[in-house]
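# Observations on chain architecture
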Amino acid sequence: MNAPKENNKTLRRPYKVEQKPLWWLDNSYYFRYMIRESTSLIVLIYGLVIVVGLLRLTQGPYMWQGWVETVSSPLMFPLHLLALLAVVYHAYTWFKLAPRIMALRISGKPVSDQKVEWAHWIVMLGVTVACLLVASCGGALL
Amino acid sequence: MNSEHDIPNSSTMRVEVQRYRPELDARPWWQAFDVPYTNDTSVLEALQYIKDELDSSLSFRWSCRMAICGSCGFMINGVPKLGCKSFLRDYGALKIAALDNFPIERDLVADISGFVEKLETVKPYLMREDPSDLDTSVPISRAFNQTPQQLSLYKQFSQCINCGICYAACPQFGRDPEFLGPAALTLAYRYNQDSRDQGKKDRMPLLNAEEGVWGCTFVGYCSEVCPKSVDPAAAINQGKAASAIDYALNLVQLGGDK
Amino acid sequence: MSDLNVGRTTAKEYHRSHEPIVWSLFGAGGMVVAFLMPAVVIFIGFFLSLGLVDNDAVSFERVIGFASSWWGKCYLAILIIPTLYHVAHRIFHGLHDMHVKGPGSLLAILFYGGSTLLSIFVLYLLWGIG
């Protein structure tokens, strides 16, 4: 920062407090921000699991079956549970922030943030149900 | 010490105030006072009581007592708030300190000169390009009408009183004091959104910078604590969208800043 | 831009940030994680793990058929690639928030470069199917 021209006679001695690396533990709002950002760690692990699945798929039926058995083993269940919590919390925070970035207007009139947030949830639930239906019994549907 | 809900029947409250006297103290320290209060005693009035009756050496900034001058921002029990808009009745005990993230000049006085400089930097005034408006030898004689719709695009963002509370709530400003910060970026966006303004191209280079909108990670606490409900986090993140469009236009040489 | 620096002892220059590139990818990834990921996690983690669906649903023939179709490839690319940039962006900024610094741009190269390499790998795998 740039103080006014240094003057030898000044008695000013502003006290500067450096930010601590653990500043986000000081306040629950900051802590929830860090939780929001940390969901990405779990999503990263899950993303890598999916990339490995794609790799196994290209390596033939035997390797693919191995991946399917690995991911559906009871040992992996905690990861799935954690991943579900992470993506739902991510969605919750994302849908809260998105309307404030979009500042949606319909014929010049602002649409309330709550309405846009709910619209996001409805689309998300619709997409989730559709994906699960296609994935579970796609053979009959397609 | 009393817990938060254990307010004693005698109507005095233990108020701890952070002191820092640059000529005497190496670092800030806490001084405790017992302050009498009633249902409508504000934190600012408690400080005035301390200065008038208990210790006249206490320094703090204040002016209007009605949440419009923006002078009496303090950390009140760790939360940045206006002293005049916070009341003792809502607390069990009080700890009052200078606003976070600014250098402490003395006691509760934060040095906000860097923040005021940032406000100037973003050119927070209407700028015109039309030659007829630039002739300063004649007063502007025409009106710049605005529809309610045009007004609504920036009205919320124009309610800022420059109290600096959002800077005390911004960890990115705490991390890097060069970050232009919530209020200045909101003000820049507010003028960019004003139909009467033609100075957007002068402000975009600031928004586009790392120290501009891109220094923000949408922590969002600035909007939570803003005493005027300005929602600076929304303004900055709408500014990100505007800056991203500017970036793309510049990339394909259709406009934008260099 | 000297007139932007009234009152400053040294002129402060502002340079255009390239953040819009990674921010756009981060935003796209955030949408994907919010809208598409829950179904993926529920399907793999719950439907499959708890045996709620027939094993034929994930038979090699069915999945390779899906991954061979153009819309299957599109779905997988959209599911994986923006997600990789989303997590890279958040972890990169999270480390900055926690005062973790690498020498120069090492961390940026590591995270954004890493997600770019993985994305190319994913595209290569998808290209090879079917």
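Refer to the preceding data block for the structure.
Below you will find a few notes about this structure.

How each quantity is defined
All residue numbers here refer to positions counted from 1 along the written sequence of the relevant chain. Each chain is given a letter, starting from A, and each ligand a number, starting from 1, according to the order in which they appear as written. Local features in this predicted model are restricted to residues whose pLDDT is 70 or higher, and side-chain atom pairs enter the listing and the counts only when it is 80 or higher, whereas totals over whole chains, interfaces and linings include all residues. In computing side-chain properties, one takes all heavy atoms of the structure into account and sets aside hydrogens as well as water. Under the DSSP-based scheme used, a helix requires at least four consecutive residues in state H or I and a strand at least two consecutive residues in state E, with every element numbered from the N terminus. We call two residues contacting when some pair of their heavy atoms lies within 4.5 Å. Residue exposure (1.4 Å probe, protein chains only): buried if accessible area is under 20% of the type maximum, exposed if over 50%, otherwise partly exposed. One fewer than the residue count of a helix, multiplied by 1.5 Å, yields its expected span. Buried area is understood as the total, over both parts, of accessible area removed when two parts are fitted together, assessed with a 1.4 Å probe. Take a side-chain nitrogen of Lys or Arg and a carboxyl oxygen of Asp or Glu: if they are within 4 Å of each other, that pair is a salt bridge. Counted as a polar contact is a pair of N or O atoms within 3.5 Å, where, for protein atoms, one must be capable of donating a hydrogen and the other of accepting one, and residues adjacent in sequence contribute only when both atoms are in side chains.

## Brief notes about the environment of L125 of chain C
Relative to the elements of secondary structure, L125 of chain C occurs in helix α5 (residues 106–128). With 22 residues separating them along the chain, L125 of chain C and P103 of chain C place their C-alpha atoms 33 Å apart. Those residues within four positions of L125 of chain C in sequence are excluded, and the remaining contacts are V51, L54, L55 and T58 of chain A.

## Describing helix α2 (residues 113–121) of chain B
Residues and elements named next belong to chain B. Of the residues making up α2, those classed as buried are G114, F115, E117, K118, L119 and T121. On its buried side, α2 packs onto α5 (165–168), α6 (171–175), α7 (181–192) and α8 (200–207). Residue K123 follows α2 closely and has a positive phi angle near 55 degrees.

## Topic: helix α3 (residues 77–102) of chain A
Here α3 of chain A is 26 residues long and its end C-alpha atoms lie 37 Å apart, about the 38 Å a rise of 1.5 Å per residue gives. With its phi angle positive at about 45 degrees, A103 of chain A sits one or two positions after the end of α3 of chain A.

## Some thoughts on the interface of chain B and chain C
Residue-level contacts link 26 residues of chain B with 22 residues of chain C. Summed over both sides, the interface between chain B and chain C buries roughly 2,200 Å², with carbon and sulfur atoms accounting for 51% of that surface. Together, R175, W214 and Y247 of chain B form the three largest contributors to the area buried by chain B at its contact with chain C, with a combined 32%. At the surface where chain B touches chain C, the tally comes to three salt bridges. The shortest N-O distance in the salt bridge between E211 of chain B and K12 of chain C comes to 2.7 Å. Inspection of the chain B/chain C interface yields eight residue pairs in polar contact (both at pLDDT 80 or more). Of all the elements in the fold, those that place two or more residues in the side of chain B that touches chain C are α2, α6, α8 and α10 (232–251) of chain B.

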